[in-house]
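# Survey of secondary and tertiary structure
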Amino acid sequence: MYDLRAASIILVCSVAFVALTGCLTNTEYSAVSKPNTTESASAPAVSAGASAIEDSTLVLINTQRTKKGLAPLPMRSDLLKLARAHSQDMATRDFHAHTNPDGESPWDRMREAGITYSSSAENIAWNNHADQAAVAVDNWMESWGHRENILNGDFTHTGIGVAMDSSGGAYFTQVFIRE
């Protein structure tokens with residue numbers, strides 16, 4: 001398990017900013033039924049500040065994609081709900097990982113939510129900067145794996161969820177899928 005407090009101390013001491021990121025990809029097909037995405041999926045409760053950070057993150061992600069001639073990714077309500085839930089779980093249980101302390105991977109969570117895909121990926125981040133969305137996206141774009149997920153022209157939809165921890169830090173989860 002990732003010890004966030006120890007990692008934060010190390011990062012603060014070794015660099016001028018604190019930002020933690022991670023990414024995973026999967027090309028296996030999830031053989032569960034596709035949810036009805038026209039219905040409004042109820043997402044975990046989120047503060048107005050976290051919702052604004054989600055919106056800003058989506059704009060920044062799609063700006064990066066359009067610079068490379070790629071279509072913007074629409075936010076899908078079921079992916080938003082999934083991403084918010086993982087971010088809230090990380091904030092509540094004080095961990096920073098794709099796999100939660102119960103051993104559930106992003107693909108386990110997608111399968112449980114009834115989300116189908118032909119390929120998928122997940123980026124995560126945490127930071128406590130003034131412009132949290134910009135720092136998360138900047139750090140993702142500076143990391144090969146994260147950038148590959150963001151600039152993957154095969155992905156068709158995304159969900160971005162943000163949850164705030166007690167120190168004002170923002171946990172980010174971005175889920176990408178190709179249907």
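Figured I'd write up the structure that's included with this text. (Residues numbered from 1 in each chain as written. Predicted model: local features only at pLDDT ≥ 70, side-chain atom pairs only at ≥ 80, totals over all residues. Heavy atoms only, no water.)

## Describing the pattern of salt bridges
Within the structure shown, the criterion is met by eight salt bridges. With a closest N to O distance of 2.7 Å, Arg-111 and Asp-108 form a salt bridge. Here Arg-111 and its partner Asp-108 are both found in helix 4 (residues 106-113), three residues apart, which amounts to about one turn of the helix. A relative accessible area of 41% means that Arg-111 is categorised as partly exposed. With a relative accessible area of 24%, Asp-108 lands in the partly exposed category. Salt bridges linked by common partners bring Arg-76, Asp-78 and Glu-179 together as one network. (Salt bridge = Lys/Arg side-chain N within 4 Å of Asp/Glu carboxyl O. Helix = DSSP H or I, 4+ residues; strand = E, 2+ residues; numbered from the N terminus. Buried < 20%, exposed > 50% of the residue type's maximum accessible area, 1.4 Å probe, protein only.)

## Quick word on the environment of Leu-151
With respect to the helices and strands, the residue Leu-151 is situated in the loop between helix 6 (144-150) and strand 3 (157-164). Residue Leu-151 is classed as partly exposed on the basis of its relative accessible area, which comes to 21%. Between the C-alpha atoms of Leu-151 and Thr-66, which are 85 residues apart in sequence, the distance is 9.2 Å.

## As for the packing of helix 2 (residues 48-67) against helix 5 (residues 132-141)
Two numbers describe how helix 2 lies on helix 5: the axes approach to 8 Å, and their chain directions differ by 35°. The crossing of helix 2 and helix 5 is right-handed. Facing Ile-53, Ser-56, Thr-57, Leu-60, Ile-61 and Gln-64 of helix 2, the residues of helix 5 in contact are Gln-132, Ala-133, Ala-134, Val-137, Trp-140 and Met-141. Residue composition of the contact of helix 2 with helix 5, by class: eight nonpolar, four polar and no charged. (Axes fitted to C-alpha atoms, helices over the stretch in contact; angles between N-to-C directions. Left-handed = near helix turned anticlockwise from the far one by under 90°. Contact = heavy atoms within 4.5 Å. Nonpolar A, V, L, I, M, F, W, Y, C, P; charged D, E, K, R; others polar.)

## A short note on the environment of Asn-127
Summarising the element assignment, Asn-127 is placed in strand 2 (residues 119-127). Expressed as a C-alpha distance, the spacing of Asn-127 and Phe-172, which sit 45 residues apart in the sequence, is 8.7 Å. A polar contact is formed between the side chain of Asn-127 and the backbone oxygen of Gln-132, at a distance of 3.2 Å. (Polar contact = N/O pair within 3.5 Å; in protein donor to acceptor, adjacent residues only side chain to side chain.)

## Let's talk about helix 4
Among the residues of helix 4, Pro-106, Trp-107, Arg-109 and Met-110 are the ones counted as buried. For helix 4, the angular spread of the buried residues around the axis is 160°, confining them to a single face. Following helix 4 by one or two positions, Gly-114 has its phi on the positive side, about 80°. (Arc of directions from axis to C-beta.)

## Some details on the nonpolar core
Judged by nonpolar contacts, the single largest core of 17 residues is most densely connected at Trp-140, Ile-150, Val-162, Phe-172 and Phe-176. At the level of elements, helix 2, strand 2, helix 5 and strand 4 (170-178) are the ones that each hand at least two residues to this core. Examining the composition of this core, we find that five residues originate from one element, helix 5, more than from any other. Core analysis: the second largest hydrophobic core is formed by nine residues, Trp-107, Met-110, Val-175 and Ile-177 among them. (Core = buried A, V, L, I, M, F, W, Y, C linked by side-chain atoms within 4.5 Å.)

Nothing here speaks to function; it is all geometry.
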